[in-house]
Amino acid sequence: MEHVLWPFLLKMIIPRIYTDAVATVCRCISELCRHKHTQSDTILSDCKARFDVPNPEDLFARLVVLLHNPLAREQLVPQILTVLLHLASLFPKNIVVFWQDEIPKMKAYVSDPEDLKQDPSYQETWDDMVINFVAESLDVIQDVDWVISLGNSFAKQYELYSSEDEHSALLHRCLGILLQKVHDRTYVHAKIDLMYMQANIALPVNRLGLAKAMGLVAASHLDTVLDKLKDILDTVGDSIFKRIMSFFSDSAKMEESDDVHAALALMYGYAAKYAPSTVIEARIDALVGTNMLSRLLNVRHPTAKQAVITAIDLLGQAVIGAAESGISFPLKRRDMLLDYILTLMGRDDEDGLSDSNLELLHTQSLALSACTTLVSVEPKLTTETRNLVLKATLGFFGLPNDPPDVMDGLIHNLITLLCAILVTSGEDGRSRTEQLLHILRQIDPYVSSSVEYQRQRGCLAAYEMLHKFRTVCVGGYCSLGCQGSCTHSRRFDRASNYNFSNLPSAFVSPSRDALCIGERIMVYLPRCADTNSEVRKTSAQIVDLFFSVSLSLPRSSNSSFGLDIELCYTALSALEDVIAILRSDASLDPSEVFNRVVSSVCVLFTKDELVAALHVCSAAICDKIRQSAEGAIQSVIEFITKRGKELNEADISRTTQSLLSAVIHVTEKYLRQETLHAISSLAENTSSRIVFGEVLAAAERDIATKDVSRLRGGWPIQDAFHAFSQHAVLSCSFLDHVTSILNQTPVFQGGPGKGENPNIFGESLEEDNVLHAAITALTAFFRGGGKIGKRAVEQSYGSVFATLVLHLGTCHCLANSGQHEPLRALLVAFNAFCECVGDLEMGKIVARDSEQNEEDAWIGLIGDLAGCISIKRPKEIPTICSILCKSLDRSPKYMREAAAAALSEFVRFSDSLGSLLEQMVEGLTRHVSDDSPNVRRLCLRGLVQMPSVHVVQYTTQILSVIVALLDDPDESVQLTAVSCLLTVLATSSTDAVEPVLLNLSVRLRNLQICMNAKIRANAFAAFGALSKYGFGPQRDTFLEQVHAAFPRLVLHLHDDDLGVRRACRNTFKSISPLMEFNGITALANTHRLSSDHRADYEDFLRDIARQFTQHMSSRVDTYMGSIIQAFEAPWPVIQANAIYLCSSVIASSSDQHISALYHSQVFGMLMGKISRSTDAIVRATGSLALGLLLKSANSSSWKVARLDTDSSGRETESSRRQ
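Residues numbered from 1 in each chain as written. Predicted model: local features only at pLDDT ≥ 70, side-chain atom pairs only at ≥ 80, totals over all residues. Heavy atoms only, no water.

1. Section: the environment of Asn 69
Position of Asn 69 relative to the elements: it lies in the loop between helix H4 (56–66) and helix H5 (76–86). Distance in space between the C-alpha atoms of Asn 69 and Asp 127 is 8.6 Å, their sequence separation being 58 residues. Contacts of Asn 69, omitting those with residues within four sequence positions, involve Val 77 and Gln 123. Here the side chain of Asn 69 touches Leu 71 through a polar contact of 3.0 Å, landing on its backbone nitrogen. (Helix = DSSP H or I, 4+ residues; strand = E, 2+ residues; numbered from the N terminus. Contact = heavy atoms within 4.5 Å. Polar contact = N/O pair within 3.5 Å; in protein donor to acceptor, adjacent residues only side chain to side chain.)

Encoded structure:
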């Protein structure tokens, strides 16, 4: 029965209709073969005796192809393997031993289907095992005829499977590995024609199987395969035209073309992969050099794109494989191939065949793998190509994390590509360091992304790259990452020796400085405080890697290293302990972990790295994750607190700028306050002066470019001012700094002074912003300082007040030139100051006078403020006066004027100032010769306003000042001088006045003809006040001055100005006792002197004229000269007064000498005044005076005068006619 049954079963294996029953048939055959009565010799003899039983070659071919699916139902694969082992006697004898060893291994691999499913690449692995099984079986058999027969059997297998059946893929490969063992080229050519004809290249699996089969054949028959591929390519050479036409027909033709191109690409790729290394270079050069691959790029379908990408990848792998075999050569047009890959992996929606998202991701993943292969071959990447690859691929870090398994593979391939670029693009440690930093900086946006999975990817990429860098650059590994001795190391060692044999090791090795550790650590340090545990762990490992690498690298000779190596290794060990804990215990408090990381980093930083980290801290503080931003601020504060003393001025300045940038850009109020706390910490632990200066400079820039009052969310710099004002340590120093800035030479100056620019409009707007920024800072301090700020202001009350007062002058100067904003800002600051210290009365004074720009108004405002301070805060006067005295020596004119105005008021309350009063008097006296008229007059006024007890002490000094200022070219100074003279003379002793009596008299006489009525009035009054000093040794001299001034005094008794009239009347009464005759004294007591009526005054003039002629005949000539000069006085009333007095003297005089000398002269002048004057009072008084002369004149005098008048009239008429 067995002799009949088992041949029947063997016949059922081959037919296509029994394919689904093969598992059952195999089980039956196995049972029969295991039967003790069944012997292999019997089976073999019966098989040969019967022609209807399949031959062993057909059985082997059929069963091997059916092994394709390791998970086939009914345990098909184990059953087939068992049958093969039992039927080994049907095959050449030497195969038995091999199968007995190999088949159990294959059965073991497929024994657990569930475990097999866990491996995503199980099918590829199993197919490779089957092909290896066939290859090694053929190698063991070594029977050419049997192999040829088996090849024919494999060829007949195509009839048993449909074109869509995936068994065809394995069949192609089985036939391909067989043809690899055959040396008959004709036979091989025929079979590969058959393979291509039978292959359904539209099915990706079968297309791949065909390509691998062609590759297997190419291992022995490369040229035959390439010829076949060229024939196929030539037959589709018009594919581009067909593709264009397909747009106007249907998509089926386009897909068919894609299939052909995809299959060709894969076949070329696998041909290159399996071809012998000794001949592959020329073939690849021909393929790439002739640009043949470009004909395969016209594909649109995703699987076709993937096929072309895979083919290019295989070309690169072929080059790498040849290098591993010791045959190294560069891949020509490698950059072009990279460009092909980057083109193929992009989304293409133009032709309606839009890639699905999943297929696109698969394409991109394959493209990244292919790029990795290509960048790993010679020649090295150029910078342009590297940048092109990075630009095209780094965006994958931002892709959505769906589906996760596909994206994980894609990101893994991307990271692998970046590592490949790192290790193969550089030639030495330095260039690889540059590559590392360049790529890391490109990844930084993803490391600090607000999306969690992007941060995970970015940190993972950075970690892998840094790990690869350490592997390559620290030593013990080849450039591709292999440890120990390998073919890569030998190849790269030769290249390195060739390139760098003559270069110093420092050039080849990377340096610690080149790693830019400070900058890099500040990128990853915030991630150590991330909300994601994996990100925290990875970033901590990155930090550890940076420092572990850095400690093993040389440092530049000019770097500031200065580290305690033992302490560094202790800190690194502590950091590694933290990482170990993170790996084992994810529940550890993140804040504790972060604190320990920061502490270690603070120790491990060199000084230069610390500085670099602080310089770039702005980006870390502005991190999109709040927890990370807080961590960044915390780390900055710790760095500053522990190592701030190491920073120089430039470091502090740049750190402040970085922190201010963070303050400006951070949006959350809490983070802004924390950043301001970091700035305060920097000021507290380093140089507060530099920090304050940078903050004020930032304020200047903002004021120049923005409307800071309308910034959304408030003005960050003002928040900084508030932070300083509320800081217990910094508040006083910040206030002092701002006042010192204001007390420096202000930019705008009102007119030429000592070293001043005479053109206020020539000053720059930028410098104007310095003043505005400092005033704004003061305002913020006063309003936002709270109790701490108020305490600081109280402590510096005197200096702050003095500063504000001094700048009132400067700001009023700017307001006069049209720039009102500084004055408004200062007044706001002044009001804020008053509110801060509770000086409500002073606030009312400021509000009352506010923006009055008149010169006297703001000077008066300063005086009122000084008076208020003197009453409310007398203890502050010494401090304020001391500052103001020094300010008198300042260059800006308006600042000196403000100081003088304030001092002139404070000096009134100088009873308790002691030695400071001497200093004030010295300063005021010295500046009466100041360039500014206001300073001169205010200083003089201050000297006079001292308490009377002190004025007496300094009378001589004050009088000498007054004598000098009476001749001042400025009328306001003259007015002040003559007014102050009146005040001083009220209390001055004779001894003090006598030395300057003559000088005073002369100067007062000069001022009595001043056009300014107030000056005239005061000059006459002061002259009268001097009269009480005219009875001593200087009596005669002073009396001469009295006589010289007397005619003018008489004439101005009836001045247009009431003040002048009153002053002259008082002076007349004062000097009358000095005239030495009673008539004058009597006139001083008449009502005519005090009357404002013209008639009374004219009566007075006739009386005084009689006194002149009767009692002062010796001085009539002198008087007449002065009176006649007054004919040309600038005031018509004075002219009239002079005319009437002169005529009265002549008319009342009986002295022929006077009549003869003055009658004709005065008569002629009267005629001229009457005829030419435009003033009615002059003409009327002239006519009246003429009558007086006519009454007194004799006929001869009259005739002479008349003849002279007629003659002059005729001459005038004659000249008119001419």
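Additional details are given in the paragraphs that follow.
2. Quick notes on the pattern of salt bridges
Here the idea is simple: oppositely charged side chains can pair when their charged atoms come close. In total, this model carries 46 salt bridges according to the counting rule given. Asp 930 is the partner of Arg 896 in a salt bridge, and the nearest nitrogen-oxygen pair spans 2.9 Å. You can see Arg 896 sitting in helix H44 (residues 893–906) and its partner Asp 930 sitting in the loop between helix H45 (915–926) and helix H46 (933–944), a full 34 residues away along the chain. With respect to class, Arg 896 is no different from Asp 930; both count as buried. Through salt bridges with shared partners, one network takes in Arg 441, Asp 444, Glu 519 and Arg 520. (Salt bridge = Lys/Arg side-chain N within 4 Å of Asp/Glu carboxyl O. Buried < 20%, exposed > 50% of the residue type's maximum accessible area, 1.4 Å probe, protein only.)

3. What about the packing of aromatic side chains?
Summed over all chains, the structure comprises 31 aromatic pairs. Both rings, one in Tyr 797 and one in Phe 833, keep their centres 5.2 Å apart while their planes meet at 45°; by these two values the pair is tilted. Of the two residues, Tyr 797 is situated in helix H39 (residues 797–816) and Phe 833 in helix H40 (residues 821–837); the sequence distance between them amounts to 36 residues. Comparing Tyr 797 with Phe 833, the two get one shared label, buried. An aromatic cluster is built from Phe 60, Phe 91, Phe 98, Trp 99, Phe 133 and Trp 146, whose rings are joined through pairwise contacts. The aromatic ring of Tyr 797 is capped on one face by Arg 873, whose charged end is 4.1 Å from the ring centroid. (Phe/Tyr/Trp six-rings, centres within 6.5 Å; stacked < 30°, edge-to-face > 60°. Lys NZ or Arg CZ within 6 Å of the ring centre and 35° of its normal.)

4. Remarks on the packing of H4 against helix H9 (residues 144–156)
It is at 8 Å that the axes of H4 and H9 come closest, and there the two elements cross at 50°. The orientation of H4 relative to H9 falls into the category oblique. Pair H4 / H9 crosses with right-handed handedness. Only Trp 146, Ser 149, Leu 150, Ser 153, Phe 154 and Lys 156 of H9 make contact with H4, whose side of the interface consists of Glu 57, Asp 58, Phe 60, Ala 61 and Val 65. Taken together, the residues that form the contact of H4 with H9 break down as 6 nonpolar, 2 polar and 3 charged. (Axes fitted to C-alpha atoms, helices over the stretch in contact; angles between N-to-C directions. Parallel < 35°, antiparallel > 145°, perpendicular 65-115°, else oblique. Left-handed = near helix turned anticlockwise from the far one by under 90°. Nonpolar A, V, L, I, M, F, W, Y, C, P; charged D, E, K, R; others polar.)

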